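Below, each chain spelled out in residue letters.
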Amino acid sequence: LCKVKPDMDLKKMKIAVTGAVKVIAKNQSTTGGWWYTQNGGEQQEGSTTVCAVQALASANNYGIDIDQKALDRGFDYLKKSQLKDGGFVYKLGDAVSMKEGSAGDVATLGLMQKFDFKVMVSGYKYLLDITPAAISAGNFPEYGHFYGCMGMHLLGEEYKDDKEYREKTASYIAGAQKDVISWQDKDGSWPVRGWTAAGG
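Residues numbered from 1 in each chain as written. Predicted model: local features only at pLDDT ≥ 70, side-chain atom pairs only at ≥ 80, totals over all residues. Heavy atoms only, no water.

A description of the overall build of the protein chain should follow, citing residues and the corresponding values.
When its secondary structure is counted, the protein chain shows eight helices and zero strands. Helices and strands appear in the protein chain in the N-to-C order α-α-α-α-α-α-α-α. With respect to the principal axes defined by its C-alpha atoms, the protein chain has extents near 45 × 45 × 40 Å. For the protein chain, buried positions account for 40% of its 200 residues. Relative to all contacts within the protein chain whose residues are 6 or more apart in sequence, the contacts with residues 24 or more apart total 63%. (Helix = DSSP H or I, 4+ residues; strand = E, 2+ residues; numbered from the N terminus. Buried < 20%, exposed > 50% of the residue type's maximum accessible area, 1.4 Å probe, protein only. Contact = heavy atoms within 4.5 Å.)

Below, the structure written as structure tokens:
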């Protein structure tokens with residue numbers, strides 16, 4: 001957008017995004033998370049919450065008015081989803097960390113204005129322990145690698161003066177990239193994998 005004049009009406013886009021963030025905040029569940037549909041009541045789950053929080057944080061970063069309380073409650077929901085092993089559950093009340101979902105939570109919590117070191121470092125260690133290979137073998141590998149690389153990049157930037165963190169985050173990203181590139185077909189496309197490929 002800096003190099004060329006965008007072929008879009010930015011005023012109309014801002015109006016659309018302003019309306020969208022109002023809809024997102026209005027449909028937050030009573031738990032602070034979000035569900036797959038509007039008016040979810042108490043229903044909630046992590047992947048939709050990650051998307052909603054990322055949207056609110058992004059709009060806020062570009063000067064669009066948002067419901068700050070909704071964003072704060074969304075961040076709190078994600079933090080409450082973390083287990084002792086450093087991973088994050090699919091939804092509150094679950095007892096087992098979800099590999100791909102944990103990557104999404106780490107990437108999203110990295111957008112907090114006040115960095116929560118304890119939560120982030122625990123999530124970082126969890127991702128290092130499971131490795132990109134575990135995400136590649138999981139149900140949602142594309143989702144997991146998209147967010148895992150984003151989270152590791154954010155952590156690498158936060159700890160850029162610490163050689164160990166810098167090298168480990170870079171190594172994690174390189175491992176994920178290697179796997180994703182290896183899946184590409186000769187025509188340049190990528191095949192469906194994981195849960196979707198199995199008929200999900």
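Alright, that's what it looks like, and here's the rest.
Outline the environment of M8, listing residues and values.
In this structure, M8 sits in the segment before α1 (10–26). Taking relative accessible area as the criterion, M8 reaches 40% and is therefore assigned partly exposed. When the C-alpha atoms of M8 and N27 are compared, they prove to be 29 Å apart, with 19 residues separating the residues in sequence.

Requested: an account of the nonpolar core, with residues and values cited.
Judged by nonpolar contacts, the single largest core of 42 residues is most densely connected at L56, L71, L109, L127, M152 and L155. Residue assignment for this core shows that the elements contributing at least two residues are α1, α2 (46–61), α3 (68–80), α4 (99–109), α5 (117–136), α6 (141–158) and α7 (163–182). For this core, the leading source of residues is α5, giving nine residues. Other than its neighbours up to four places away in sequence, L155 contacts V106, F115, M120, Y124 and T169. (Core = buried A, V, L, I, M, F, W, Y, C linked by side-chain atoms within 4.5 Å.)

Please give an account of unusual backbone geometry that cites residues and values.
Of note in this structure, N39 is not a glycine but carries a positive phi near 55°. Within the fold, N39 resides in the loop between α1 and α2. On the basis of relative accessible area, N39 is assigned to the exposed category, the value being 63%. Positive phi outside glycine occurs at T131, with the angle close to 70°. Relative to the helices and strands, T131 resides in helix α5.

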